[in-house]
Amino acid sequence: MWPARAIARILGLRALGPKAATTCLALAASLAVLAPGASLGQAPAPPGYTPGPHNITIPADWQARFIRYATVDKPDRKIIRNLYVNPEAFAAMRAGEVFPSGTLVVMADQRARLDPAGNPLLDTSGRFIPDPPLIAIAAQEKRTGWGEGYAPDKRNGEWEYAAFTPDLQRREVNLNGCFTCHLPRAAQDYTFSTWEYAATRR
Ligand code: HEC
């Protein structure tokens, strides 16, 4: 018979002391706990995640990199909304499918230029003509496991919402309206324009 220590050496198990064994057991236990959630398609939140707008960071170079997939004229507010998505998500977007983890949609508003009577001027396509400066930015981003901690009547799947000034300072505004107004769009992965665009893109 080989002595146990020799067998362990042959198998390369010398490092496997009691501490490592405990770690393995702890890992197995945590996997067992996660399993039921995983079977529901609900991924666990990433370590350290707490719900809130602080999760969303718009990269400084977003205007150069992100893809503007739509612009919407808003006659009631005399503004133009520019809708952008990060290129990584854009490449992976498929009609009728939920968006990939890491999808970041940025909605940047501009004022429409007005005639002397205060009505929006139109370009040759009949669209509003923007005043260049951005006046407000809203964003929604989803990542695997986000959304944990919101009540069911608020939670928008794995999406978070945030509002920013044009120079990307976070605005401390009440975000409840973002969740409640986007919630009925659950079947469209909680988006409006993005879902529609994915279905009609050329
Ligand atoms: C009253 C309903 C309502 C509220 C409140 C609301 N949204 Fe939206 N949101 C919309 C609609 C409708 C669109 C589609 C663009 C449009 O027509 O203005 C949209 C579009 C967006 C988009 C572009 C992606 C998409 O879903 O089409 C982002 C990002 C967004 N909203 C973020 C926010 C954030 C952040 C807040 C809260 C600060 C917010 N929204 C509050 C209705 C709402």
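Below you will find a few notes about this structure. (Residues numbered from 1 in each chain as written. Predicted model: local features only at pLDDT ≥ 70, side-chain atom pairs only at ≥ 80, totals over all residues.)

1. Remarks on the overall build of the protein chain
A count of helices and strands for the protein chain gives six helices and five strands. Starting at the N terminus, the α and β elements of the protein chain follow one another as α-α-α-β-β-α-β-β-β-α-α. Each of the 202 residues in the protein chain was classed as buried or not, and the buried ones make up 20%. At a minimum sequence separation of 6, the contacts of the protein chain that also span at least 24 residues come to 54%. (Helix = DSSP H or I, 4+ residues; strand = E, 2+ residues; numbered from the N terminus. Buried ≥ 20, exposed ≤ 12 C-beta atoms within 10 Å, placed from the backbone. Contact = placed C-beta atoms within 7 Å.)

2. Brief notes about the nonpolar core
A general tendency of soluble globular proteins is for nonpolar side chains to be buried together. Counting 21 residues, the largest nonpolar core has Tyr 84, Val 85, Leu 104, Val 105, Val 106 and Ala 139 as the members making the most contacts within it. Put simply, the parts of the chain that give this core at least two residues each are β2 (79–85), β3 (104–112), β4 (130–142), β5 (159–164) and α5 (176–182). Beyond its immediate chain neighbours, meaning those up to four positions away, Leu 104 contacts Val 85, Asn 86, Ala 89, Ala 139 and Glu 141. (Core = buried A, V, L, I, M, F, W, Y, C linked by C-beta atoms within 7 Å.)

3. Quick look at the pairing of β2
When strand β1 (residues 67–74) meets β2, the two strands line up antiparallel, connected through seven bridges. Bridge assignment links Asp 73 to a residue of β2, and that residue is Ile 80. The loop that links β1 with its antiparallel partner β2 comprises four residues; one of these, Lys 78, has a positive phi angle of about 55°. As paired elements, β2 and β3 share seven bridges and run antiparallel to each other. Paired with Arg 81 across the bridge in β3 is Asp 109. (Pairing = 2+ DSSP bridges.)

4. Quick word on the sheet that holds β5
Strand order in the open sheet made by the five strands is β1-β2-β3-β4-β5, with antiparallel pairing throughout. Of all the strands in the sheet, just β1 and β5 have a single pairing partner and so form its edges. Strand-to-strand, the axes of this sheet are offset by a mean angle of 25°, without reference to chain direction. Packing against the sheet, helix α6 (residues 193–200) makes contact with β1, β2 and β3, and its axis sits at approximately 120° to β1. (Axes fitted to C-alpha atoms, helices over the stretch in contact; angles between N-to-C directions.)

5. Section: unusual backbone geometry
Residues other than glycine seldom take positive phi values, yet Lys 78 does so here, at roughly 55°. With respect to the element layout, Lys 78 can be found in the loop between β1 and β2. By C-beta crowding, Lys 78 is classed as partly exposed, having 15 other C-beta atoms within 10 Å. In this structure, Leu 168 takes a positive phi of about 65° despite not being glycine. Residue Leu 168 is classed as partly exposed on the basis of its 13 C-beta neighbours within 10 Å.

6. Describing the environment of Phe 90
If you trace the backbone, Phe 90 turns up in helix α4 (residues 87–92). Sequence separation between Phe 90 and Ile 67 is 23 residues, and the spatial gap between their C-alpha atoms is 7.6 Å. In this structure Phe 90 touches Ile 67 and Val 85, once residues within four positions along its chain are discounted.

7. Description of the site of the ligand
Neighbouring the ligand are 20 residues, the closest being Cys 178, Cys 181, Thr 191, Phe 192 and Ser 193. When contributions to the shell around the ligand are tallied by element, the ones reaching two or more residues are β2, β3, β4, β5, α5 and α6. The biggest single contributor to the shell around the ligand is α5, with four residues. For the shell around the ligand, the residue count by class is 13 nonpolar, six polar and one charged. (Near = placed C-beta within 6 Å. Nonpolar A, V, L, I, M, F, W, Y, C, P; charged D, E, K, R; others polar.)

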